[in-house]
Amino acid sequence: VGVFREMTERHRAVREEEREAMARALWLAHMGILLYWLHDRSENHQATERAIETLAGLLRLSDRLTRIPGMGRLRAQLF
């Protein structure tokens, strides 16, 4: 969790009060992807790659949503 905490501290879009929750959410997502990869039987782990791309897209969307007035509170509820 410490590595993810450091990442959130360097990212300007993450408010100070969200950092710990965001770090834990990122760690949990990381563990989920790892578990998914361990059980992935698709050729060349393509299913895991798609899951990572989907998760990355959701994180980029979350970052963009914070720039819309009032949407930061929605993200805070998610994390």
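Heads up: the structure comes first, above all this text.
Residues numbered from 1 in each chain as written. Predicted model: local features only at pLDDT ≥ 70, side-chain atom pairs only at ≥ 80, totals over all residues. Heavy atoms only, no water.

(A) Region of the structure containing the nonpolar core. If you look at the biggest cluster of nonpolar residues, it comprises 5 residues: F4, V14, M22, A23 and L26. Here this core takes 3 residues from helix α2 (residues 19–39), the largest share from any one element. (Core = buried A, V, L, I, M, F, W, Y, C linked by side-chain atoms within 4.5 Å. Buried < 20%, exposed > 50% of the residue type's maximum accessible area, 1.4 Å probe, protein only. Helix = DSSP H or I, 4+ residues; strand = E, 2+ residues; numbered from the N terminus.)

(B) Up close: unusual backbone geometry. Positioned with a positive phi, N44 is a non-glycine residue whose angle comes to about 55 degrees. Within the fold, N44 resides in the loop between α2 and α3 (46–65). Its identity is not glycine, yet H45 carries a phi of approximately 55 degrees, on the positive side. Relative to the assigned elements, H45 resides in the loop between α2 and α3. Owing to a relative accessible area of 31%, H45 belongs among the partly exposed residues under this scheme.

(C) Focus on the environment of F4. Positionally, F4 belongs in helix α1 (residues 2–10). Between the alpha carbons of F4 and A25 there is a distance of 9.0 Å; along the sequence they are 21 residues apart. The contacts of F4, once residues within four sequence positions are left out, are A23, L26, W27 and H30. (Contact = heavy atoms within 4.5 Å.)

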